[in-house]
Amino acid sequence: MDLWQHQYEQLLFLQDRSVGLKAIIAIHNTKLGPALGGCRMRHYASDEEAVADAVRLAQGMTYKSAVSGLPYGGGKAVILSMPGQSPREQIFWALGRHIQTLQGRYITGIDLGTAVTDMDWVRLETPYVTDTTGSLGAAGDFTARMTAYGVFLGIRASLKRVYGSDSIQNKAVAVQGLGKVGYQLCRYLKRAGARLIVADMDPLRVKKAADDFGASPRRPQDILAEPCDVFSPCALGGILNDFTLGRLGCRIVAGAANNQLAEVRHGEELHRSGILYAPDYVINAGGIIVTSVELLGGDAALARQHVEKINDTLTHVFRIADAEGISPSAAADRLAEVILKN
Ligand code: NAI
């Protein structure tokens, strides 16, 4: 494994054999402030895969905070799920002890595979954790709601760029993934008059979206190719890749999933094929905005106001892309890198 091929400030391998903890913390960049980014817990096929996931996600967090105007850097923790691990609380106590040794250089929170109760365990060992019981983000799924709201605003800004109007009325939006964010996004879209087409691996979630919003269900393998105005990936990362790009049936890709582009070049390919891509870390910043506003002492109303700026940020990214003759994904990276340099 070539650990030096990746970009990061600090890469930490954490181990506590007494409880079966194996974890990685990637601190990508702390120029704007402490590294902020959740903790993911899942099975990885190899250590290399876990390192690559942590590093790539951490970089996404740096760029997300930078373009969103937040005084934080980017980091991410991943815990490798393994058979025979101790009960969850022991894993997260051990993680909390490691995070405490960093003295605030990295602040964790929830991500895929972790929950508020896990963060409560971490909190017993360190204050450098968000999304604990009673926090702004944890209350009534506020984080997911604000993430969905930001994506909704990003969809409107994208429609404006393509059609000259940000009206969602009668626009066909295909939502892939009806979890915490996807479901809330459907709610915003339905209220604005969208025609919803949805898919999820879980048939119960599909049924609920059909019942609640009159959404038309599709099989998970078909949603990508659905003819529509907007394809909104709200499930997995890496969804825009060599196998999927040629199948897309949309004019716009705008969704919540992190790291949607399998590789940087896929952003260029989308651009060449005439599909507008709303860079993921620009439009899915609602969650980190909530966390950051709370860390700085703000409340829900302030967080919502800040999320509303996503519309302007994305419009600015599209303008840079036009002015420089580059793709929106390259324009977003350029914006983040300029902010990080100054
Ligand atoms: P979630 O775990 O609640 O929901 C994900 C949903 O996607 C599940 O219902 C799952 O069954 C479905 N799914 C998985 N594979 C699928 C496939 N191949 N086809 C269709 N559906 C599939 O996750 P959540 O919180 O809604 O997040 C969604 C995405 O947004 C994730 O990529 C996450 O990293 C990203 N994100 C979430 C934020 C948040 O505030 N929750 C913040 C920023 C990004």
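Residues numbered from 1 in each chain as written. Predicted model: local features only at pLDDT ≥ 70, side-chain atom pairs only at ≥ 80, totals over all residues. Heavy atoms only, no water.

**Student:** Quick rundown of the nonpolar core? Include the residues and the values.
**Tutor:** By size, the foremost hydrophobic cluster in this structure holds 66 residues, and its most contacted members are F152, I155, V175, L185, L189, L196 and V198. A per-element tally of this core places helix α4 (residues 142–163) first, with 11 residues. When residues of this core are assigned to domains, at least three map to each of domain 1 (3–59 + 72–132) and domain 2 (142–341). Membership of the second largest hydrophobic core comes to 22 residues, among which are L21, A23, M41 and V129. (Core = buried A, V, L, I, M, F, W, Y, C linked by side-chain atoms within 4.5 Å. Buried < 20%, exposed > 50% of the residue type's maximum accessible area, 1.4 Å probe, protein only. Helix = DSSP H or I, 4+ residues; strand = E, 2+ residues; numbered from the N terminus. Domains from an automatic or database assignment.)

**Student:** Any details on the site of the ligand? Residues and values, ideally.
**Tutor:** Around the ligand, a shell composed of 22 residues is seen, among which T147, V181, D200, R205 and A235 lie nearest. A distance of 2.8 Å separates an oxygen atom of the ligand from a polar backbone atom of V181. At 2.6 Å, a side-chain N or O of D200 approaches an oxygen atom of the ligand. Relative to its unbound accessible surface of 830 Å², the ligand loses 81% to contact with the protein. For the shell around the ligand, the secondary structure elements donating two or more residues are α4 and α5 (180–191). Top contributing element to the shell around the ligand by residue count: α4, with three residues. When its residues are assigned to classes, the shell around the ligand shows 11 nonpolar, seven polar and four charged. (Near = heavy atom within 4 Å. Polar contact = N/O pair within 3.5 Å; in protein donor to acceptor, adjacent residues only side chain to side chain. Areas by Shrake-Rupley, 256 points an atom, 1.4 Å probe, with all protein chains shown as cover. Nonpolar A, V, L, I, M, F, W, Y, C, P; charged D, E, K, R; others polar.)

**Student:** So what's going on with the packing of aromatic side chains? Residues and values would help.
**Tutor:** Inspection of the entire model under this criterion finds five aromatic pairs. Put simply, the rings of Y149, F152 and Y188 pair up and form one aromatic cluster. When the ring centre of Y163 is taken as reference, the NZ or CZ atom of K171 above it lies at 4.8 Å. (Phe/Tyr/Trp six-rings, centres within 6.5 Å; stacked < 30°, edge-to-face > 60°. Lys NZ or Arg CZ within 6 Å of the ring centre and 35° of its normal.)

**Student:** I'd like to hear about the state of the cysteines, residue by residue, with values.
**Tutor:** Inspection of every chain in the model, using the stated rule, returns zero disulfides. As a non-bridged cysteine, C186 has C234 as the owner of its nearest cysteine sulfur, 7.7 Å distant. (Disulfide = S-S within 2.5 Å.)

**Student:** So, the pattern of salt bridges: which residues are in play, and what are the values?
**Tutor:** Tallied over the full model, the rule gives 22 salt bridges. In this structure, D212 engages K208 in a salt bridge whose closest nitrogen and oxygen atoms are separated by 2.9 Å. Linking D212 with K208, this pair stays in helix α6 (residues 203–213), spanning four residues, or about one helical turn. On the accessibility criterion, K208 (43% relative accessible area) is partly exposed. For E269, the salt bridge identified is with R265, shortest N-O distance 3.2 Å. With E269 and R265 both in helix α7 (residues 264–272) and four residues apart, the pair spans about one turn of that helix. (Salt bridge = Lys/Arg side-chain N within 4 Å of Asp/Glu carboxyl O.)

**Student:** Give a detailed account of helix α11 (residues 310–324), specifying residues and quantitative values.
**Tutor:** Between the first and last C-alpha of α11 there are 21 Å, a value that for 15 residues agrees with the 21 Å anticipated at 1.5 Å per step. Directly after α11, the chain includes G325, whose backbone phi takes a positive value near 65°. (Expected span 1.5 Å × (residues − 1).)

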